[in-house]
Structures are given as C-alpha cells and as structure tokens.
Amino acid sequence: MRHFLTLKDFTKEEILEIIALGLKIKKDFKAGIYNKELEMQTLAMIFEKSSTRTRVSFETGMFQLGGHALFLSNRDIHLGRGEPVKDTARVISSMCDMVMIRTYEHSMLEEFAAYSKVPVINGLTDAYHPVQLLADYMTMIEFGVAENAVVAYVGDGNNMTNSWLMLAAKLGFELRIATPKGYEVESKVLRDALDIAKKSGAVIKVMNDPKEAVRGASVVTTDTWASMGQEDEKEQRIQDFKGYMVDGLMMCLAQKGAKFLHCLPAYRGQEVSEELLEDNADIVFAEAENRLHAQKGLMVWLDKQR
Ligand code: CP
Ligand code: NVA
C-alpha cells in the first residue's frame, strides 16, 4: 500500500504513470466512457483549512469513479476538539478506503498515515501541495510545454515552491525560483531537491531577481503571497513583495509563447495582474479542471497498489 504525501516518495516513472492514467480517464470520461473502478469505496476528506478546488475535485472525482466521498471539516469531527490524530486515523481507516487530508503541519499528515490502514493523500499542508503539481504537469503536457521545460516561479517560498522543487528534481527539468529576501524556500527542502536533481539532471536555481528567473522561461508561475494561516502577515507581505507581481511586462522576458500557470485562488493586483490572469484564463482554468482528472488517476493508481 502506498500513501501520497510528497512527490519525494515517488519515482519519475510513477509520477508520469499517474498523470498518464489521469489523462486516459479524462479522455474516456469526455467520450462518455465511465471508469467505475472505485465502486463501493469511500474517500474520507479531512479539511482543517478552506478549499474550493480540492474539495470539489476530490468529491466529484470519487463520485465519477463510482465511489462516495465524505467531507469532514475539523469543526465537525472530534479531531478539532483534541481527539488524537492516531485514534482518528485508526477509526476512519477502519471504515473508509482512502483518506485525503488538508492540514497545517506536515507531521500531522505523516502521523495519520503511520496509523492508517488505507492510502492517505496530501490535499495540502504548510510544506507541500503535491496533487496540485500532478494537475500542473498534466496541463503542461496538454499545452505542449512539458518537453524541455524551463519553469520560473516568482513569489513566496511556500508549499507550492517546495512542490515545484520536488517535481523538477524528479522529472529533470529546469526550475528557477525568485523570492524576495527573507521569503526563500526552506534550505532543507532545497538541499533534498538538489540531491535528487543530481540523478535526474534537473537544473535548479534560486535567486531574488524575478526578471532573471523569467528571462527565457517557457512556463511562468506564481502563488499567493500570504498562504492559509498567514493572514496576519498579509499587509507586511504586500510591502515586502513589491516588484514580484507577474504581469504582461514581466512575461515579455519569457520565451515567445511561454505559458502562465497559477494554482488559484489568485489575488489580482498582488502576485498576478488582472490582465495577465484574464489573458491566460484558458490555461489557468484548464489547470484547475485538471485537478479533477489528475486526482482520479491518482486514486485509481493508489487503489491498484494494495
Ligand atoms: N489550488 C487549490 O488547492 O485550491 P483550493 O485551495 O481551492 O483547494
Ligand atoms: N500556498 C497556498 C496554496 C493554496 C492552494 C496556501 O497554502 O494557501
């Protein structure tokens, strides 16, 4: 049995296999061929943070695969009142077939997985958001920018940056990360990624100048400057991230035909300009829809590993 906690635990071949499976299920679904491989299965979804895409995509995806999804917010279950993680894991995994968790501390997810009898999926922690990267890479394949990709990430060194680091390191593409001083990626994650990159041939560069990162890139991406849990820092961050907004002018430095990605939700006028986001609405909302398809691939793949 496998869990899906970070991309670090997966090989390049496995990551590509999951995405390919998602693409196949997507193609079939659009043609009216319904894969009901998870019939009679239940996915428990524990949310300790807000969500639009993650909740809708997992719940809909499980339904489309013939199963059922349970939405469990920490306001509704005893976990939110102090029932130990390990007890919650033992109870839920005795009745459900898979568990998705969105939480703060990555260690909570690891503890849950250690006591779970069924696969656990990371639906976002403070450290990583790996299911988002499955959808992002699927979108890069569909929009023809996966080959020889040079990805520039401009903004906060956060769970998305860490996940891009792992994806680049595993798949072997070039990733440049530009963050303001004081908002760099965690050194431990960077060291791990650089270590993995030695084998895959990935080129990973971290810097503070967004223009240097974007120059010649084939994909440019960003994320909110204040992640969930950092609401109190929002005003300070808006000051500290001046000059880091991805807009049309910045995109001019990228390769001709370069694509823009955003995991959403987007804060227009902060990490991305209104105009750039609207100009790239086709790819950005395809990326959001691909959450559904990529995660269907993931759930079917995890089910096959038991
Ligand atoms: N991108 C993403 O995970 O969106 P939600 O927070 O809406 O789930
Ligand atoms: N970095 C963001 C991602 C949201 C999908 C957050 O953690 O809030």
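So, here's what we can say about the structure.

Conventions used here
- All residue numbers here refer to positions counted from 1 along the written sequence of the relevant chain.
- Written order decides the labels, with chains lettered from A and ligands numbered from 1.
- Given that the model is predicted, a residue must reach a pLDDT of at least 70 before its local features are reported, and side-chain atom pairs must reach 80 or more before they are shown or counted; all residues, however, enter totals for whole chains, interfaces and linings.
- Just so you know, side-chain values use all the structure's heavy atoms and leave hydrogens and water out.
- Per the convention used, a helix needs a DSSP run of H or I reaching at least four residues, while a strand needs a run of E reaching at least two, with both numbered from the N terminus.
- Two things to know: the radius of gyration comes from C-alpha atoms, and the globule rule equals 2.2 Å times the number of residues to the power 0.38.
- Partly exposed describes any residue whose relative accessible area lies between the buried limit of under 20% and the exposed limit of over 50%, with all areas from a 1.4 Å probe on protein chains only and scaled to the type maximum.
- Contact between two residues is taken to exist if any of their heavy atoms lie within 4.5 Å; hydrogens are not considered.
- Accessible surface area values rest on a Shrake-Rupley calculation with a 1.4 Å probe, where residue burial reflects the displayed protein chains alone.
- Positive charges come from Lys and Arg alone, negative charges from Asp and Glu alone, with His and the N- and C-terminal ends not counted.
- Just so you know, the charge point we use is NZ for Lys, CZ for Arg, CG for Asp and CD for Glu.
- We call a residue near a molecule or strand when any one of its heavy atoms sits within 4 Å of it.
- Polar contacts, as used here, are pairs of N or O atoms within 3.5 Å; protein pairs need one atom able to donate a hydrogen and one able to accept it. Residues neighboring in sequence count only if both atoms are side-chain atoms.
- Note on residue classes: Ala, Val, Leu, Ile, Met, Phe, Trp, Tyr, Cys and Pro are nonpolar, Asp, Glu, Lys and Arg are charged, and everything else, Gly too, is polar.
- A strand pair is defined by DSSP finding two or more bridges across the two strands.
- Lines fitted to C-alpha atoms define the axes, with helix axes restricted to the stretch in contact, and inter-axis angles between N-to-C directions lie between 0 and 180 degrees.
- Within this document, salt bridges are pairs made up of a side-chain nitrogen of Lys or Arg and a carboxyl oxygen of Asp or Glu, the two lying within 4 Å of each other.
- Throughout this description, the term nonpolar core refers to a set of buried Ala, Val, Leu, Ile, Met, Phe, Trp, Tyr and Cys residues connected via side-chain atoms within 4.5 Å.
- For a crossover, the right-handed case is the one in which the path from the first strand over the helix to the second runs clockwise, viewed with the strands pointing away from the viewer.

This part takes up the overall build of the protein. The number of helices and strands found in the protein is 12 helices and 9 strands. By the compact-globule yardstick of 19 Å for 306 residues, the protein fits well, its C-alpha radius of gyration being 19 Å. The principal-axis extent of the C-alpha atoms belonging to the protein is close to 50 × 45 × 40 Å. For the protein, the residues scored as buried account for 57% of the 306 residues in total. For the protein, contacts bridging at least 24 residues in sequence account for 76% of all contacts bridging at least 6. By element, 51% of the accessible surface of the protein is carried by carbon and sulfur atoms, the whole surface being about 13,300 Å². On the protein, the mean spot of the 37 positive side-chain charges and the mean spot of the 44 negative ones are 3 Å from each other.

The next thing to look at is the site of ligand 2. Taken together, L124, H129, N158, N159, D223, T224, S227, M228 and L264 form the complete shell of residues around ligand 2. At a separation of 3.5 Å, a nitrogen atom of ligand 2 approaches a polar side-chain atom of N158. N159 places a side-chain nitrogen or oxygen 2.8 Å from a nitrogen atom of ligand 2. Burial of ligand 2 by the surrounding chains reaches 94%, relative to a free accessible area of 270 Å². Residue composition of the shell around ligand 2, by class: 3 nonpolar, 5 polar and 1 charged.

Below, the discussion takes up the site of ligand 1. Taken together, the neighbourhood of ligand 1 is formed by S51, T52, R53, T54, R102, H129, Q132, C263, L264 and R291. One of the side-chain N or O atoms of R102 is found 2.8 Å from an oxygen atom in ligand 1. Compared with its free state, where it exposes 260 Å², ligand 1 has 96% of that area covered by protein. Of the residues contributing to the shell around ligand 1, the split by class is 2 nonpolar, 5 polar and 3 charged.

Spatially, β2-β1-β3-β4 is the arrangement adopted by the 4 strands of the open sheet, whose pairing is parallel. Across the chains shown, the open sheet's two edge strands, defined by having one partner strand only, are β2 (68-73) and β4 (120-122). On average, each strand axis in the sheet is inclined to that of its neighbour by 20 degrees, with strand direction left out of account. Where strand β1 (residues 42-47) and β2 come together, 6 bridges link them in parallel fashion. Residue pairing across strands places T42 opposite H68, the latter belonging to β2. Sheet strands touched by helix α2 (residues 53-64): β1, β2, β3 (98-102) and β4. Its angle to β1, the strand with the most contacts, is close to 170 degrees.

Attention now goes to the pattern of salt bridges. Going through the model one piece at a time under the given rule, you end up with 18 salt bridges. The shortest N-O distance in the salt bridge between D195 and K198 comes to 3.1 Å. Pair noted here: D195 and K198 are both in helix α7 (residues 187-200), with a separation of 3 residues, about one helical turn. Across the pair, exposure class does not vary: D195 and K198 are exposed alike.

This brings us to the sheet that holds strand β5 (residues 150-154). Ordered by their spatial adjacency, 5 strands build an open sheet running β7-β6-β5-β8-β9, and the pairing between neighbours is parallel. Lying at the two open borders of the sheet, with one neighbouring strand each, are β7 (203-207) and β9 (259-262). Neighbouring strand axes in the sheet, compared pairwise and without regard to direction, differ in orientation by 20 degrees on average. Two strands pair when backbone bridges link them, and strand β8 (residues 219-222) and β9 are joined in this way by 4 bridges, in the parallel orientation.

Formed by 87 residues in total, the largest nonpolar core has its most connected members in F4, I121, M140 and W164. The biggest single contributor to this core is helix α12 (residues 281-304), with 9 residues. Those residues in contact with W164 that sit more than four places away from it in its chain are L133, D136, M140, V151, Y153, F173, L175, T221 and L261. Counting 18 residues, the second-largest nonpolar core is a separate cluster that includes A44, A113, V118 and V120.

Here we come to the pairing of β3. With respect to burial, β3 is a largely interior element, 5 of its 5 residues being buried. Alternating positions in β3 separate into two faces, M98, M100 and R102 on one and V99 and I101 on the other, with burial throughout. As judged from the 5 bridges shared by β1 and β3, these two strands associate in the parallel manner. Across the sheet, residue F47 finds its bridge partner in β3, namely R102. Since β3 and β4 lie parallel, the crossover through helix α4 (residues 106-115) that links them has a hand, and here it is right-handed.

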